[in-house]
Amino acid sequence: MVSKRRTAASVAAIAAAAVMTACSNSTSAQNASAGRPNVDKANWPAKVPQHGLAKNLALPLEKYMLSYDDQVTLDQATTHLQQQCMAGYGFHVTLPRPGGNPPPSTDDANMERRYGITDPNDAARYGYELAPKFRSHTSQSIPDLPGVQVEVLTGHTKPAITKPKNGKGGYYIAPNSVKPARTSYNGKALKKGGCVGWSKEQIKLDDSDALFVSQLAGKSLTDSQQEAGVRKTLKAWSSCMNSKGHKNLDDPYKAMAQGVAAGRGATSQGSVELAVDDVACKQQTHLVKIWFDAESKIEDKQIAGNRLKLRAIAERHGKALSAARAQRAK
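Treat the numbers as computed from the prediction; the structure is a model and nothing was measured.

Q: What am I meant to see in the state of the cysteines here?
A: In a disulfide, the sulfur atoms of two cysteines are held together by a covalent bond. Under the defined criterion, the tally for this structure stands at two disulfides. Each disulfide pairs two cysteine sulfurs, and for Cys 85 the partner residue is Cys 195, the sulfurs being separated by 2.1 Å. Its torsion about the S-S bond being -70 degrees, the disulfide of Cys 85 and Cys 195 is classed as left-handed. Here the residue Cys 85 occupies a position in helix 2 (residues 68-87), and Cys 195 occupies one in helix 6 (residues 194-202), the gap between them amounting to 110 residues. The same class applies to Cys 85 and to Cys 195, which are both buried. Note that Cys 240 is cross-linked by a disulfide to Cys 281, the S-S spacing being 2.1 Å.

Following this line, the structure appears as structure tokens:
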């Protein structure tokens, strides 16, 4: 349930794909007017859950993660730098404005759904679907960048974007379609990693720092499921669900998978009932608190074992944020 940070190469490829497909419409899209997308901070996720069984819970490793607010600050700075960099090659482009499409959780811990759904009100209204504000999408009108501009921006060739063969919506990057960029354009050498890589260098942002913390958090979640207290409580939760007519559910993730499948496209009554019972059984068995406490102990040990590295990561994050704010103030 922890969202994994992508490698730098795949981030660049996906960023380029996003730029090229930004004009694609979706049924839930809200088009920005006059080139100014709707960035509404009221829709940004809270730094800790505000409702439900996970209310006010924050794992120890979250201290070393970037919040969504932090990420937007960094993205604002790097986006501005990338546009400046592109202009240096004669390309005047407008990249997506950060903050327009917030995720449901502030960081990679995903506390709201780390142990499955935890908000009884959302369960009763949406089943396993996200709240509407996280399902809508603010599209930004951006031209499809020519291949050479993608190379200058990302440091690699323009990915081949393909639609699924089953005819369903969406796009994906065709395998092996991304190659290293040319070394120069009009006699000017391309930046290492393109303007994207260069922009991160300017604020000393290292993506591997966030990846390291995310990997630790992924391991703490996996290891916590093997703790005796958690296993016992999971069995109690499963028994509770069984008594409500929901068979063969060993853990909340299976319930979520079943509920999402049942409610896809529209929130079905079956999905809502499953979600409501899921949260009720968590409350009855104190699953969230027991699991959170067990995982917190594991993360405390991880922090003790990686104290110097995590301290350095926190310092680098702080410096990158300071540099980003200073850059945006220019």
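Q: Sorry, what's going on with the pattern of salt bridges here?
A: Oppositely charged side chains may form a pair once their charged atoms are brought near each other. Summed over the entire model, instances satisfying the criterion amount to 10 salt bridges. Lys 254 is the salt-bridge partner of Asp 250, the closest N and O atoms lying 2.9 Å from each other. On the accessibility criterion, Lys 254 (41% relative accessible area) is partly exposed.

Q: Looking at this model, I keep getting lost on the confidence of the model for the chain. Mind explaining?
A: Fine structural detail should not be taken from predicted coordinates in areas where pLDDT scores are low. When the pLDDT values of the chain are averaged, the result is 86; 83% of them are 70 or greater. Here residues 1-36 scores under 50 on pLDDT; set against residues more than four positions off or in separate chains, the count is 78 contacts.

Q: What's the story with the nonpolar core in this structure? I'm lost.
A: One broad trend across soluble globular proteins is that nonpolar side chains are buried collectively. Counting residues in hydrophobic clusters, the biggest one holds 38 residues, and the most contacted among them are Tyr 115, Trp 291 and Leu 310. For this core, the secondary-structure elements that each account for two or more residues are helix 7 (207-224), helix 8 (228-243), helix 9 (252-263), helix 10 (269-285), helix 11 (287-305) and helix 12 (307-329). When residues in this core are grouped by element, the largest group, six residues, is from helix 11. Once residues within four sequence positions are removed from consideration, Leu 310 is found in contact with Leu 61, Tyr 64, Phe 212, Val 213, Leu 216, Gln 302 and Ile 303. Formed by 26 residues, the second largest nonpolar core is a distinct cluster that contains Val 150, Val 196, Ile 203 and Leu 321.

Q: Teacher, can you tell me more about the layout of surface pockets here?
A: Unfilled space is identified by rolling a water-sized probe across the atoms. Each pocket or cavity is described by its volume, and for the second largest pocket that value is around 560 Å³. Along its surface, the second largest pocket is lined by 24 residues, and Pro 104, Glu 112, Asp 119, Asp 122 and Phe 134 are the ones closest to its centre. Counting residues per element, the ones that place at least two in the lining of the second largest pocket are helix 3 (120-126) and helix 4 (132-135). In terms of residue count, helix 3 provides more of the lining of the second largest pocket than any other element does, five residues in total. Across the lining of the second largest pocket, the residue classes tally to 12 nonpolar, six polar and six charged.

Procedures and definitions
- Within every chain, residues take consecutive numbers counted from 1 along the sequence as written.
- Note on the predicted model: pLDDT of at least 70 is required for a residue's local features to be given, and 80 or more for side-chain atom pairs to be given and counted; whole-chain, interface and lining totals, by contrast, use all residues.
- Heavy atoms from the whole structure form the basis of all side-chain values; hydrogens and water molecules are not counted.
- Note that a disulfide, as used here, is simply two cysteine sulfur atoms within 2.5 Å.
- Every helix listed is a DSSP run of H or I at least four residues long, and every strand listed is a run of E at least two residues long, numbered separately from the N terminus.
- Burial classification: accessible surface area is computed with a 1.4 Å probe over protein chains only, and a residue below 20% of its type maximum counts as buried, one above 50% as exposed, and the rest as partly exposed.
- Only one rule defines a salt bridge in this text: a Lys or Arg side-chain nitrogen within 4 Å of an Asp or Glu carboxyl oxygen.
- pLDDT is a residue-level measure of predictor confidence that goes from 0 to 100.
- What makes two residues a contact is simply this: any of their non-hydrogen atoms within 4.5 Å.
- The term nonpolar core refers to a set of buried residues drawn from Ala, Val, Leu, Ile, Met, Phe, Trp, Tyr and Cys, joined through side-chain atoms within 4.5 Å.
- Lining residues are defined by having an atom within 4 Å of a point belonging to a cavity or pocket. Those points lie on a 1 Å grid over the protein atoms alone, cavities being sets where a 1.4 Å probe fits but cannot get out and pockets being open sets with protein on both sides within 12 Å along at least five of seven lines.
- Grid points are joined across faces, edges and corners, and a volume is the space filled by probe spheres set on the points.
- Side-chain classes are defined by residue name, with Ala, Val, Leu, Ile, Met, Phe, Trp, Tyr, Cys and Pro counting as nonpolar, Asp, Glu, Lys and Arg as charged, and the others, Gly among them, as polar.

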